[in-house]
Amino acid sequence: MYQEPVLQRLLKHLLRHWLVCVGATIALLPTHSHAESLKYSTIDLPAAIEIAINHNLTYQLQQVNQDIAMTDYQIARSAYEPQLYTNYSQSKSQYEETVNTDLKIKQTQAGIRGILPWGTRYQLFSQNNTVTGFQVNPTLGVNTDTFEINQPLLKGLGIGSSSTIRQAKIGTEIEKQKSIFERDAVIRNVTFAYIDAFIASENLKITQQSAKLAEKLLNEEKQRFELGKAASSAVFRPEAAVAQRISAIHQAQKSLDSAMNTLHSVVFSGEVSQGINFDLKDLALIAPSHQHDQKSTLSHREDYQAALLQVESQKVAYQSAKRNRLPQLDLVIKHNAYDNGDIIANGNLVRSDNYIGAQFSIPILNGTGRSQVNRSKLSLKAQKAQLHAIEQQVYREIKTSEFAMSSDKQQMKYAKKAVALVQKALEAEEEKMAVGRSSSFYILDLQTQLAFTKQQALVATGNYYKAITEYSRVLGIL
């Protein structure tokens, strides 16, 4: 029978134990949500917003897009960084004259080159040529230092050359505005869910209080029946009211559970958030926003600022397209310096030479250039139209949100006043009931009205603070 080597069995044994330890360690590691539950036990609205921003996947993706845009900007800038380069070549030539001659040529070149943002191309290099095999001079070496500048005068000058950098820079600002816009959307959603949970929680308290009032009236009617001051039928109505209001408690509890699940989902983006409760305080912590005029609002609206940057980017593209359509006209300046060489020109020893000239070329039809300009012009027109549409949308949202906030505030005011009036009416009817001048019918009816008016005031309060939140979002100061 085959037996595994001792060393191999030992390695398998260690590997098995190592895998078990790693698996146990991973199983014991806390998840992100569990870590949040260890950090918090009860959180208020500001903490909920902070957690939601850290958990929201859409906002996180936009943050990644912002980092990508910054990387694109760095890539665009790197295109204008200088480059070091070096070349080496070796060749051999044979000449058959009166005497066979073999020439060996070695060439070495090293230098730096690059392009500046305004379009200037430059190159500085040193070159060594060594030729061996001459009859008279067996070895001839020439060192050449060259400095060359190529400056576009029409095509690609200025903004045409740096358009990629400018557009990439604008792209980073656009993604930044989009990130702020996504963050504001998260804040709005969390605030709305928090208000709904608060309303559901307070509504449960209202239904519980209403049920207690019905139970109190039922006990009083039973006492009157036992004392012979009321008929048995007087007990039936309070008993039915108690049953109905207990049913309303269960329905309110169900609504609260649903609202809390929504709030947990919005804050933790669907992740499990065990052991975390929300501190549902009075909504007065959501302060009303200050009034802003329309012009200042545009400077705070992220979507408008992003559209404005889109127009600026398209302007850069349009200007670049117009310059690229122009003929090519370059100014060329070149300087060569020779050293340790014997170069003969016209019988004189040449040590350096300078060159300055111009290169000009023009396409015959240039259909591509014209088409690019027309396309850029149309794109710019479309971006401006979109910017104007967003501006008009902002103005409409300001008017709508201002009206909603004012209307909801008045509705909340009168709803609270109605609660106070019904409360006084109920107290007065209870006093009449104590002296035998009223019946349970009127008491139960006023209790129902009181619960209803409280719920209406609660809904009006929630709507008002939602309007405040929406108005802040519209102004771009959320």
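Rules and cut-offs
Residues numbered from 1 in each chain as written. Predicted model: local features only at pLDDT ≥ 70, side-chain atom pairs only at ≥ 80, totals over all residues. Heavy atoms only, no water. Helix = DSSP H or I, 4+ residues; strand = E, 2+ residues; numbered from the N terminus. Buried < 20%, exposed > 50% of the residue type's maximum accessible area, 1.4 Å probe, protein only. Contact = heavy atoms within 4.5 Å. Areas by Shrake-Rupley, 256 points an atom, 1.4 Å probe, with all protein chains shown as cover. Salt bridge = Lys/Arg side-chain N within 4 Å of Asp/Glu carboxyl O. Core = buried A, V, L, I, M, F, W, Y, C linked by side-chain atoms within 4.5 Å. Phe/Tyr/Trp six-rings, centres within 6.5 Å; stacked < 30°, edge-to-face > 60°. 1 Å grid on protein atoms, 1.4 Å probe; cavity = no way out; pocket = protein on both sides within 12 Å on 5 of 7 lines; lining within 4 Å. Points joined across faces, edges and corners; volume = space filled by probe spheres on them. Nonpolar A, V, L, I, M, F, W, Y, C, P; charged D, E, K, R; others polar. Patch = residues over 30% accessible without salt bridge, like charges linked within 9 Å, V, L, I, M, F, W, Y side chains within 5 Å. Axes fitted to C-alpha atoms, helices over the stretch in contact; angles between N-to-C directions. Parallel < 35°, antiparallel > 145°, perpendicular 65-115°, else oblique. Left-handed = near helix turned anticlockwise from the far one by under 90°. Lys, Arg positive; Asp, Glu negative; His and termini not counted. Charge placed at Lys NZ, Arg CZ, Asp CG, Glu CD.

Trainee: Could you give an account of the overall build of the protein, with specific residues and numbers?
Mentor: Helix and strand counts for the protein come out as 10 helices and 10 strands. Residues classed as buried in the protein amount to 36% of the 478 residues present. Contacts spanning at least 24 positions in sequence make up 75% of the contacts within the protein whose residues lie at least 6 apart. A total accessible area of about 29,000 Å² is found for the protein, and carbon and sulfur atoms account for 56% of it.

Trainee: Before we move on, can you summarise the pattern of salt bridges with the specific residues and values?
Mentor: With the rule as written, the count across this model stands at 12 salt bridges. Where Arg-301 meets Glu-397, a salt bridge forms, and the shortest distance between an N and an O atom there is 2.8 Å. Of this pair, Arg-301 sits in the loop between helix H7 (294-300) and helix H8 (302-324) while Glu-397 is found in helix H9 (residues 367-434), placing the two residues 96 residues apart along the sequence. One salt bridge in this structure joins Glu-470 and Arg-473, with 2.8 Å as the shortest N-O distance. Placement of the pair is Glu-470 and Arg-473 together in helix H10 (residues 440-475), with a separation of three residues, close to one helical turn. Summarising the burial analysis for this pair, Glu-470 and Arg-473 share the class buried. The structure contains a network of salt bridges with shared partners spanning Arg-188, Arg-301, Asp-303, Glu-397, Glu-470 and Arg-473.

Trainee: Account for the nonpolar core, naming residues and giving values.
Mentor: Ranked by internal contacts, the top residues of the largest apolar core, which has 62 residues, are Ile-43, Val-190, Leu-263, Val-267, Phe-278, Leu-280 and Tyr-465. Those elements that place two or more of their residues in this core are helix H3 (45-55), helix H5 (159-226), helix H6 (233-268), H9 and H10. Among the elements that line this core, the one with the most residues is H5, at 16 residues. With sequence-adjacent residues up to four places away left out, Leu-263 is seen in contact with Val-190, Ala-193, Tyr-194, Ala-197 and Phe-278.

Trainee: With reference to specific residues and values, describe the side chain of Thr-207.
Mentor: Topologically, Thr-207 is positioned in helix H5. Filtering out sequence-adjacent residues up to four positions away, Thr-207 remains in contact with Ala-248, Ile-249, Ala-252 and Gln-455.

Trainee: Mind laying out the packing of aromatic side chains, listing which residues take part and the relevant values?
Mentor: Two aromatic rings, taken as a pair, are described by how far apart their centres are and by the angle between their planes. Enumeration over the complete set of coordinates arrives at two aromatic pairs. Geometrically, the ring pair formed by Phe-441 and Tyr-442 is edge-to-face, given 5.4 Å between the ring centres and 85° between the ring planes. Take Phe-441: its relative accessible area is 46%, and that puts it in the partly exposed class. When the ring of Tyr-464 is compared with that of Tyr-465, the centres are 5.1 Å apart and the planes differ by 65°; the resulting orientation is edge-to-face. Like Tyr-465, Tyr-464 is buried.

Trainee: Tell me about empty space enclosed by the protein, and please be specific about residues and values.
Mentor: As enumerated under the stated definition, the model contains one cavity of 30 Å³ or more in all. In terms of lining residues, the largest cavity is bounded by Phe-181, Asp-184, Arg-301, Glu-302, Asp-303 and Arg-473. Elements supplying a minimum of two residues to the lining of the largest cavity: H5 and H8. The residue inventory of the lining of the largest cavity, partitioned by class, reads one nonpolar, no polar and five charged.

Trainee: Can you tell me about a nonpolar patch on the surface, naming the residues and giving the values?
Mentor: On the surface, Leu-153, Leu-154, Leu-326, Phe-360 and Ile-362 cluster together into a nonpolar patch covering about 440 Å² of accessible area. For Leu-154, the location among the structural elements is in the loop between strand S5 (139-152) and H5. On the basis of relative accessible area, Leu-154 is assigned to the partly exposed category, the value being 32%.

Trainee: Explain the packing of H9 against H10 residue by residue, including any values.
Mentor: At a minimum axis separation of 7 Å, H9 and H10 run at an interaxial angle of 160°. The angle between the axes of H9 and H10 places the two elements in the roughly antiparallel class. By crossing handedness, the relation of H9 to H10 is classed as left-handed. Here the residues of the contact of H9 with H10 sort into 23 nonpolar, 10 polar and nine charged.

Trainee: Go over a positive patch on the surface with me, naming the residues and quoting the values.
Mentor: Positive charge collects at one region of the surface, where Lys-322, Arg-325, Arg-370, Lys-377 and Lys-381 lie side by side. Counting residues per element, the positive patch draws most heavily on H9, which supplies three residues. Relative to the elements of secondary structure, Lys-381 occurs in helix H9.

Trainee: Account for the packing of H3 against H6, naming residues and giving values.
Mentor: The N-to-C vectors of H3 and H6 enclose an angle of 55°; their axes lie 6 Å apart at closest approach. As summarised for this structure, H3 and H6 are arranged oblique, according to the angle between their axes. Here H3 contributes Ala-48, Ile-51, Ala-52 and His-55 to the contact with H6, which in turn contributes Val-266, Val-267 and Phe-268. Within the contact of H3 with H6, the residues separate by chemical class into six nonpolar, one polar and no charged.

Trainee: Can you tell me about the environment of Thr-191, naming the residues and giving the values?
Mentor: Structurally, the position occupied by Thr-191 is in helix H5. Exposure remark for Thr-191: the relative accessible area of 5% places this residue in the buried category.

Trainee: Mind laying out the environment of Ile-249, listing which residues take part and the relevant values?
Mentor: Looking at the element boundaries, Ile-249 is found in helix H6. Along the primary structure Ile-249 and Asn-203 are separated by 46 residues, whereas in three dimensions their C-alpha atoms are 9.0 Å apart. Dropping the residues within four chain positions of it, Ile-249 is found in contact with Leu-204, Thr-207, Gln-208 and Ala-211.

Trainee: Outline the environment of Asn-463, listing residues and values.
Mentor: Along the chain, the position of Asn-463 falls in helix H10. Spatially, the C-alpha atoms of Asn-463 and Asp-196 are 9.4 Å apart, while their sequence positions differ by 267 residues.

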